[in-house]
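Structural description and commentary
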Amino acid sequence: MIARRYHDRTAHSPASVRASPHTLDWDVKPFPFKIYTELPALALPRDLDALAADTLAALARPAARAERLGLAELAAVLYHAAGVTRKKTYPGGGEVLFRAAPSTGALYQTEVYVVAGAVAGLEPGLYHFGPGDFALRRLRAGDLREALARAAADATLARRAATVVLTAIYWRNTWKYQARGFRHLFWDSGTLLANLLAAADALGQAPRLLAGFVDADVNRLLGVDPAREAALELVLLGPEGAAAPPAGALAEVAHPYMPLSSAEVDYPLLREVHAATSLADADAVRAWRAACASWPAGGGRAAPPSRGRDVAGSGAGGPPPRPVLSGTDPTVPLPPPRAESGRGLGATIQRRGSTREFSHEPLAADELATALRAATRGLAADVPAGCVDLYLVVNAVTGVAPGAYAYDAGAHALEAVRAGDFRRASAHLCLEQPLGGDAAAVLYFLAPLDALLAACGERGYRLANLAAGVAGGRAYLAAYALGFGASGLTFYDREVTDFFAPHAAGRDAIFVTALGRSARAARATIEANVTLPGRPAR
Ligand SMILES: Cc1cc2nc3c(=O)[nH]c(=O)nc-3n(C[C@H](O)[C@H](O)[C@H](O)COP(=O)(O)O)c2cc1C
């Protein structure tokens, strides 16, 4: 399959990394914001809901359903998913505007659009969200929900108040990561979705994620150039009302926007895997959803059943069986996850930032347990459960012996793969980055990729990377809620699977998230472009 070939061709190994001739061309570093040059800005309200609901409670239980979605709630969702939360100025004068969600290389290729139909205070239409000036720009006027509902083969979309559409601009990421960037599109939109879903849940907006849609139709509706930018996911928001009227034929739109850089490099391998994982028409979307429904939920390490998961089940095929481990009882029960963190969701997102250096201080077992539970929660989505399994290296967790483990989410327990001190090995696996060795625990998301592709087709490849991104993003949120830190990490593909062998047989490494306590004092500059309680606007 094309996705399998792509995955293997973009795998990292010590040899491939050393042999790579790629260097960063700073003269063409892509600008991290999409600026429509001819469209007026519609300022979003800056007095935002602080999302005071406890972070862990918000992750576990959605608030009571809101009766309406207004511009203020939409602004709060957009800010906590993709807003600029802080600015860092470097000695040479460089400046990075960091966002609410982590993103590989701080390149921020994920763009956010809104198809609004029944949002109080906002005319129906298609809008682009600009995090830089915290504003919307209208790309199309009128109610487009019915057209989007057809493209998503989901009639409820036409009744929900709005749908957020995430896209990615390839070049922003491939500038650094080349063709491997296709994986990053889903990791990074996944971490953004972890925030977006939590924020929308905290506001009672009942978010529902769709990973299946007719790619060409959604891209045409957005007016993006599919050779450069493509839709990745949709999130339905807000209460259901009357169905939107038929939208009729849509004219082409192509509003001018600022070029990202003076030159771009095309990566045909990325476009090839994007095309192979695309769905051609609504029938293909429906068939894909039906095929995914046969994917066994969790494959033996299932997350506990959760509200709103609408595709799950068991059937023929599925992930490889778990091998039986020899020796005495290899199961390590974990303490119950904490129900509350004492920190509101908004405050957690505002203070989140990837940990740049971990101390060797241990985590408590219930801190780890809470992060694992958060990472493996179900999704209200057309994404089946069990797309990735969670393995981990424990370096320093009180009450858990150092070693390699698999997390059994159903039993909320660790299965020992191998005992030992693996700090050096884990740093090596994480592309020789010290973070992977210094962290208290390192979560490795592995997918039963061939089985998933057999069940869900080529688009299953997107699911594996997306599910891992969301899970990693939720681990980040749990960590910052509890007062420790996290960082996403990249890795040597084959070596990760070999490290967790034989337990991980039949699985491929998809994404890594390290957890631990920061070795450094509080993060530097924090500057938000919105007003949050206790902080003046800038
Ligand atoms: C999917 C993903 C992979 C990442 N991989 C690495 C990595 O390999 N090494 C690293 O130091 N940071 C990594 N990061 C952290 C990013 O560099 C960081 O999110 C980005 O610089 C933005 O900073 P912030 O998270 O502090 O807001 C990763 C983050 C994500 C979301």
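Residues numbered from 1 in each chain as written. Predicted model: local features only at pLDDT ≥ 70, side-chain atom pairs only at ≥ 80, totals over all residues. Heavy atoms only, no water.

Digging into the packing of aromatic side chains
According to the stated counting rule, one finds 16 aromatic pairs in the structure shown. On the numbers, 5.1 Å between centres and 75° between planes, the contact of Trp26 with Trp175 is edge-to-face. Pair noted here: Trp26 is in the loop between helix H2 (14-19) and strand E1 (42-43) and Trp175 is in helix H6 (residues 170-177), with a separation of 149 residues, a long-range link. One residue, Arg418, lies across the ring of Phe499, its end atom 4.7 Å from the ring centre. Above the face of the Trp288 ring, Arg459 is positioned so that its terminal group lies 5.9 Å from the ring centre. (Phe/Tyr/Trp six-rings, centres within 6.5 Å; stacked < 30°, edge-to-face > 60°. Helix = DSSP H or I, 4+ residues; strand = E, 2+ residues; numbered from the N terminus. Lys NZ or Arg CZ within 6 Å of the ring centre and 35° of its normal.)

Description of the domain arrangement of the chain
Looking at the chain, the domain boundaries give domain 1 (2-35 + 55-290) and domain 2 (298-516). Centre-to-centre, using C-alpha coordinates, domain 1 lies 24 Å away from domain 2. At the interface, 60 residues of domain 1 touch 58 residues of domain 2. Roughly 4700 Å² is buried in total at the junction of domain 1 and domain 2, and carbon and sulfur atoms are behind 57% of that figure. Counting the surface domain 1 buries against domain 2, the share from its top three residues, Thr55, Leu56 and Trp187, is 16%. In this assembly, domain 1 and domain 2 are joined by 8 salt bridges. Between Asp382 and Arg289 there is a salt bridge whose closest N-O contact spans 2.8 Å. In this structure, the connection of domain 1 to domain 2 is made through 34 residue pairs in polar contact (both at pLDDT 80 or more). (Domains from an automatic or database assignment. Contact = heavy atoms within 4.5 Å. Buried area = accessible area lost by both parts, 1.4 Å probe. Salt bridge = Lys/Arg side-chain N within 4 Å of Asp/Glu carboxyl O. Polar contact = N/O pair within 3.5 Å; in protein donor to acceptor, adjacent residues only side chain to side chain.)

Considering the site of the ligand
Around the ligand, 22 residues are found, and the nearest of them are Arg86, Arg352, Ser354, Gln433 and Gly488. The side chain of Arg86 places a nitrogen or oxygen atom 2.5 Å from an oxygen atom of the ligand. At 2.7 Å from an oxygen atom of the ligand is found a side-chain nitrogen or oxygen belonging to Arg352. Alone, the ligand offers 610 Å² of accessible surface; in the complex the protein occludes 89% of this. Of all the elements in the fold, those that place two or more residues in the shell around the ligand are helix H7 (181-202) and strand E17 (485-489). Residue classes in the shell around the ligand are distributed as 8 nonpolar, 10 polar and 4 charged. (Near = heavy atom within 4 Å. Areas by Shrake-Rupley, 256 points an atom, 1.4 Å probe, with all protein chains shown as cover. Nonpolar A, V, L, I, M, F, W, Y, C, P; charged D, E, K, R; others polar.)

Considerations on the state of the cysteines
For the structure on display, the rule yields 0 disulfides. Cys292 carries a free sulfur, and the closest cysteine sulfur to it, the one in Cys456, is 3.2 Å from it. Exposure remark for Cys292: the relative accessible area of 0% places this residue in the buried category. Distance from the sulfur of Cys387, which forms no disulfide, to the nearest cysteine sulfur (Cys456) is 6.2 Å. Among the residues examined, Cys387 registers a relative accessible area of 2% and is labelled buried. (Disulfide = S-S within 2.5 Å. Buried < 20%, exposed > 50% of the residue type's maximum accessible area, 1.4 Å probe, protein only.)

Here we look at empty space enclosed by the protein
As enumerated under the stated definition, the model contains 5 cavities of 30 Å³ or more in all. Space inside the second largest cavity adds up to approximately 130 Å³. Contributing to the lining of the second largest cavity are 17 residues, with Ala82, Arg99, Tyr108, Thr110 and Leu192 lying nearest its centre. (1 Å grid on protein atoms, 1.4 Å probe; cavity = no way out; pocket = protein on both sides within 12 Å on 5 of 7 lines; lining within 4 Å. Points joined across faces, edges and corners; volume = space filled by probe spheres on them.)

Observations regarding the sheet that holds strand E14 (residues 403-408)
Judged by pairing direction, the sheet is antiparallel, and its 7 strands sit side by side in the order E12-E15-E14-E13-E16-E18-E17 without closing on themselves. Looking at strand neighbours, the two that pair on one side only are strand E12 (331-333) and E17, the edges of this open sheet. Strand-to-strand, the axes of this sheet are offset by a mean angle of 30°, without reference to chain direction. Inspection of the sheet shows E14 paired to strand E15 (residues 413-419) by 6 bridges, in the antiparallel sense. Following the sheet pairing, Ala404 is matched in E15 by Arg418. Contacts from helix H16 (residues 460-482) reach strand E16 (441-447), E17 and strand E18 (508-516), with the element oriented near 5° to E18. (Pairing = 2+ DSSP bridges. Axes fitted to C-alpha atoms, helices over the stretch in contact; angles between N-to-C directions.)

A word on unusual backbone geometry
With omega at 0°, the peptide bond leading from Ala501 into Pro502 counts as cis. Relative to the elements of secondary structure, Pro502 occurs in the loop between helix H17 (493-499) and E18. Not every positive phi belongs to a glycine, and Ala153 is a case in point at roughly 50°. Summarising the element assignment, Ala153 is placed in the loop between helix H5 (145-152) and strand E9 (160-169). Note on Ala153: relative accessible area 17%, which makes it buried. Its identity as a non-glycine residue notwithstanding, Leu431 has a phi of 60°, on the positive side. Mapped onto the fold, Leu431 is located in the loop between helix H13 (423-429) and helix H14 (435-438). With a relative accessible area of 22%, Leu431 lands in the partly exposed category.

Digging into the nonpolar core
If you look at the biggest cluster of nonpolar residues, it comprises 146 residues, and the most contacted ones within it are Leu74, Leu372, Val383, Leu392, Tyr444, Phe500 and Leu515. Top element by residues in this core is H16. It accounts for 15 residues. Residue-level mapping places this core at the junction of two domains, with at least three residues from each of domain 1 (2-35 + 55-290) and domain 2 (298-516). Formed by 25 residues, the second largest nonpolar core is a distinct cluster that contains Tyr113, Leu144, Leu210 and Ala231. (Core = buried A, V, L, I, M, F, W, Y, C linked by side-chain atoms within 4.5 Å.)

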